[in-house]
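Structure assessment
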Amino acid sequence: MSSLASIACFIGGREVPLSAGFEKCDPATGQPSALVAEADDALVDRAVSAARGALQGPWGRTRLGERLAFLERLAGHMEANLAILVAAEIADTGKPVTPTTQVEIPRAIANFRAFAQIARADAQAASGTTFETPMAGGAWARNTVSRRPVGVIGIVAPWNLPLLLLTWKVAPALACGNAVVVKPSEHSPRTALLLARMASACGLPDGVLNVVHGHGAGAAGEALVSHPGVDAITFTGETRTGEAIMRAASSGPRPVSLELGGKNPALIFADCDLEVAIAGTARSVFDNCGQVCLTTERLFVQRPVFERFAAGLVQAAEGLTAGDPWAAETRLGPAISAQQRDKVLGLYASAKTAGAQLLTGGGALAVPAPFAEGYWVAPTLWTGLPDDAEICRREVFGPCAHISVFDDEDEVVTRANASEFGLAATVWTGDADRAERVGGALESGTVWVNCWRVRDERAPFGGFKKSGVGREGGRHSLDFYSEIKTLCAFQPAS
Ligand code: NAD
């Protein structure tokens, strides 16, 4: 136990010595790798009080320019320490080093620069937020609309893209002048602690960014979202958890932003560039071991290209290198935990029971020592099931997809929309009119055409139906993390 890394909470600018904790395993080896603090109600209360105190101190009086300069300084500091962040993310998740170094951590850092730019542009456009109201007798009133911080923001984050999804919320929250209490996933605590340390080293006042570790229901997560001192709650995670968080937010009531699950479709039309569509779809199914909310799990392929598409995707799946996260050629990491692996394998079994035709994979993945005890699942593709089969309806969050055949456009749009989720969809077609028609008809927060997971921080992001409540991204983030205020000043007739 003493050789395990110790992951502490960070409250009021200091790490809190561990008094209670839980063991966390390295998903690539299945071996214990860290002892993580489990914040109790009293510690969560301390974190919320530290955040409140920070708002009453110098942070509460900062100007926008100072805050944005801080965000940019922090981005530079994180960049200089990129290798430390990469190593921490890999230790928690077993993700392969190449995408972690080239995509995930750089995007996490980019969130700070992007929201600094977004907030600056918003402030420059503020001239549009003053207007005059004519009144009787020549008098008038001047209305000035401005942003104020909301206060203490509770941020509850998932494990799949730990630092990236955390900074997506921390950056705009701080740009708007709030203080935050962050509850990272119990499976991925390391980079949140590093972020708090780095922010402190860059001069963020004590108490502005606090981290409490621990589990969700009945533990630190629930304590945070039920705390009456939290003024707004933002959450990314499962739809069921989102429902519980919305209930907790109703006492107050407090604003809540929910980024939830998906069961994302891709529509592959016969007129597309098939090689490009296969390569793009392979990324959208298997990147991050299928553990991205934007992952594609329902593939609809037009009949004339079905066989070629399916063969190409099977080849891509079978070409993925799994194993050592530190090997440059590795592309497939493990599931995050034994529980998540078992959930994925349970759904694989359900596909088999339902009579799916297995094209590749279908079970656990054998990886040689020292990774033999890791939480590996095989990249898997099936076909032949009806749209209402469990594997075609439930989010798996694993490296798998079901491939169905379709004949015409109206049919496939109806089938793609027949889901309780609506987070992201992808259309592969060579026909620009079709792309516009189909893209417009899909019930989905984001629709990509001939690409996947192209993200611009200025674009609104969120889900239709059970995939979320509200939008973040660009001005939408600023709106969520601000109280918007109107000052209405009477002006007598001159
Ligand atoms: P999860 O809901 O199990 O956990 C997310 C976080 O919520 C963790 O920090 C957890 O400890 C906490 N939590 C759990 N129960 C809680 C409760 N009752 N009160 C307060 N906090 C609680 O989700 P996960 O397994 O970590 O992440 C995977 C899910 O996240 C998938 O469904 C995926 O689609 C979704 N996701 C959505 C987006 C998006 O932007 N829409 C992005 C990434 C992941």
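Regarding the overall build of the chain
If you tally the helices and strands in the chain, you get 15 helices and 23 strands. Relative to the globule expectation of 23 Å for 494 residues, the C-alpha radius of gyration of the chain, 24 Å, shows essentially globular dimensions. Overall, the chain is about 75 × 65 × 40 Å in size when its C-alpha atoms are taken along their principal axes. When burial is assessed residue by residue, the chain has 56% of its 494 residues classed as buried. Counting contacts in the chain only where the partners sit at least 6 residues apart, residues at least 24 apart contribute 75% of the total. Looking at the chain as shown, the accessible area adds up to about 19700 Å², and 54% of this sits on carbon and sulfur atoms. Between the averaged position of the 44 positive side-chain charges in the chain and that of its 52 negative side-chain charges there is a distance of 6 Å.

Here's the deal with the packing of aromatic side chains
With the rule as written, the count across this model stands at 7 aromatic pairs. Taking the centre distance of 5.4 Å and the plane angle of 75° together, the rings of W159 and F397 count as edge-to-face. One end of the pair, W159, is in the loop between β8 (152–156) and α5 (162–175); the other, F397, is in the loop between α12 (390–393) and β17 (400–406), and 238 residues separate them in sequence. Its relative accessible area of 13% is what places F397 among the buried residues. Relative to Y481, the ring of F480 has its centre 5.0 Å away and its plane inclined at 85°; by these criteria the two rings are edge-to-face. The class of F480 is buried, set by a relative accessible area of 13%.

With respect to the domain arrangement of the chain
Once the domains are mapped, the chain shows domain 1 (5–260 + 467–486) and domain 2 (264–457). Its C-alpha centre places domain 1 at a distance of 30 Å from the equivalent point of domain 2. Taken together, the contact between domain 1 and domain 2 spans 37 residues of the former and 31 residues of the latter. Buried area between domain 1 and domain 2, both sides added, is near 2600 Å², and the carbon and sulfur share of it is 60%. Summed over the shared surface of domain 1 and domain 2, the result is 0 salt bridges. Along the contact surface separating domain 1 from domain 2 lie 10 residue pairs in polar contact (both at pLDDT 80 or more). The set of elements that each furnish at least two residues to the side of domain 1 that touches domain 2 consists of β4 (21–26), α3 (82–93), α4 (97–124) and α5.

Here we look at the site of the ligand
Residues in close proximity to the ligand total 30 residues, the closest being K183, E186, T241, L260 and E395. L260 is positioned with one of its backbone polar atoms (N or O) 2.6 Å from a nitrogen atom of the ligand. Computed on the free molecule, the ligand has an accessible area of 850 Å², of which 92% lies beneath the protein chains in the complex. Elements that contribute at least two residues to the shell around the ligand include exactly α7 (220–226), β11 (232–236) and α8 (239–249). Among the elements that make up the shell around the ligand, the one with the highest residue count is α7 (3 residues). Its residues placed into classes, the shell around the ligand shows 15 nonpolar, 9 polar and 6 charged. Viewed by domain, the shell around the ligand spans two of them, domain 1 (5–260 + 467–486) and domain 2 (264–457), each represented by three or more residues.

Description of unusual backbone geometry
Negative phi values dominate among residues other than glycine, just as trans dominates among peptide bonds. Residue P253 is reached from G252 by a cis peptide bond, and omega for that bond is -15°. Mapped onto the elements, P253 comes out in the loop between α8 and β12 (256–259). The residue after A369, namely P370, is reached through a cis peptide bond having omega 10°. With respect to the element layout, P370 can be found in the loop between β15 (357–360) and β16 (380–383). One non-glycine residue, F397, lies in the positive phi region at around 65°.

Things to note about the pairing of β12
Each regular strand shows side chains that alternate between the opposite faces of the sheet. Taking every second residue as pointing to the same face, both faces of β12 are buried, with V256 and L258 on one and S257 and E259 on the other. Across 4 bridges, β11 lies against β12 in parallel orientation. Looking at the pairing, T234 lines up with S257 of β12. Of the crossover connections in this fold, the one passing from β11 over α8 to the parallel β12 is right-handed. Where β12 and strand β22 (residues 468–469) come together, 2 bridges link them in antiparallel fashion. Of the residues in β22, the one forming a bridge with L258 is V469.

About the thresholds
Residues numbered from 1 in each chain as written. Predicted model: local features only at pLDDT ≥ 70, side-chain atom pairs only at ≥ 80, totals over all residues. Heavy atoms only, no water. Helix = DSSP H or I, 4+ residues; strand = E, 2+ residues; numbered from the N terminus. Rg over C-alpha atoms; globule rule 2.2 N^0.38 Å. Buried < 20%, exposed > 50% of the residue type's maximum accessible area, 1.4 Å probe, protein only. Contact = heavy atoms within 4.5 Å. Areas by Shrake-Rupley, 256 points an atom, 1.4 Å probe, with all protein chains shown as cover. Lys, Arg positive; Asp, Glu negative; His and termini not counted. Charge placed at Lys NZ, Arg CZ, Asp CG, Glu CD. Phe/Tyr/Trp six-rings, centres within 6.5 Å; stacked < 30°, edge-to-face > 60°. Domains from an automatic or database assignment. Buried area = accessible area lost by both parts, 1.4 Å probe. Salt bridge = Lys/Arg side-chain N within 4 Å of Asp/Glu carboxyl O. Polar contact = N/O pair within 3.5 Å; in protein donor to acceptor, adjacent residues only side chain to side chain. Near = heavy atom within 4 Å. Nonpolar A, V, L, I, M, F, W, Y, C, P; charged D, E, K, R; others polar. Pairing = 2+ DSSP bridges. Right-handed = clockwise from strand over helix to strand, strands pointing away.

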